[in-house]
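Structure at a glance
Each chain, letter by letter, is given below.
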Amino acid sequence: MASTQDRPGVRVANEPEVTRLDLPAGPAVRVRALLSVRRFLGLGRRLSQSVQYAVFPPGSEGFVLVAFTWDAIGCSHELAGLADELMVTFRTA
């Protein structure tokens, strides 16, 4: 999954929830985490929620990374559910 080391100013703020699942596009790993993100000009931090899917299409040597991130923490349950619903429709060519 995408590392916060690749994104300066971003830290994982909780223990990520990791799930293995089967999607129509292939087997996948889903990671949901709360992120602490440095604000513009370094003025404090804000929380964001992230759900990332690493999908391993059959017959491929690589994987596809699909990421959803939002700042509306109060809507996280609903938004994560929408991300899950979208991923069920995800296909690879």
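Below: a short report on this structure. Source: prediction; values computed, not measured. (Residues numbered from 1 in each chain as written. Predicted model: local features only at pLDDT ≥ 70, side-chain atom pairs only at ≥ 80, totals over all residues. Heavy atoms only, no water.)

**Section: the overall build of the chain**
The following threshold applies: Only DSSP runs of H or I reaching four residues or more are called helices, and only runs of E reaching two or more are called strands; each is numbered from the N terminus. By the convention used here, residues are in contact when the closest approach between their heavy atoms is within 4.5 Å. The accessible surface values rely on the Shrake-Rupley method and a 1.4 Å probe; as for residues, cover is taken only from the protein chains in view.
The number of helices and strands found in the chain is 1 helix and 5 strands. Counting helices and strands in the order they occur from the N terminus, the chain gives β-β-β-β-β-α. A separation threshold of at least 6 residues defines the contact pool for the chain, and within that pool the share at least 24 residues apart is 43%. Of the roughly 6100 Å² of accessible surface on the chain, 57% is carried by carbon and sulfur atoms.

**Some remarks on the packing of aromatic side chains**
Applied cut-off: Only the six-membered ring of Trp is used, alongside the rings of Phe and Tyr, when aromatic pairs are assigned; centres must lie within 6.5 Å, and planes under 30 degrees apart are stacked while those over 60 apart are edge-to-face, with the rest tilted. Think of it in three bands: residues with accessible area under 20% of the maximum for their type are buried, residues over 50% are exposed, and the middle band is partly exposed, with areas taken using a 1.4 Å probe on protein chains only.
Under the counting rule described, the total for this entry stands at 2 aromatic pairs. Each ring, one from Tyr53 and one from Phe68, has its centre 6.1 Å from the other, and the planes form 90°; the classification is edge-to-face. Of this pair, Tyr53 sits in strand β4 (residues 45–55) while Phe68 sits in strand β5 (residues 64–70), and the two are 15 residues apart along the sequence. The exposure class assigned to Tyr53 is buried, which follows from its relative accessible area of 1%. On the basis of relative accessibility, which here comes to 21%, the residue Phe68 falls in the partly exposed class. Aromatic pair Phe56 and Phe63: ring centres 5.5 Å apart, planes at 45°, arrangement tilted. You can call Phe63 partly exposed: its relative accessible area is 48%.

**Thoughts on the pattern of salt bridges**
Stated formally: For this analysis, a salt bridge means a side-chain nitrogen from Lys or Arg found within 4 Å of a carboxyl oxygen belonging to Asp or Glu.
All chains considered together, the criterion is met by 2 salt bridges. Arg30 serves as the salt-bridge partner of Glu17, at 2.9 Å between the closest nitrogen and oxygen. In this pair, Glu17 sits in strand β2 (residues 17–23) while Arg30 sits in strand β3 (residues 26–38), placing the two residues 13 residues apart along the sequence. The residue Arg30 makes a salt bridge to Asp84 at a minimum N-O spacing of 2.9 Å. Taken together, the residues span a long stretch of sequence, with Arg30 in strand β3 and Asp84 in helix α1 (residues 76–89) at a distance of 54 residues. One continuous salt-bridge network, built from bridges that share partners, spans Glu17, Arg30 and Asp84.

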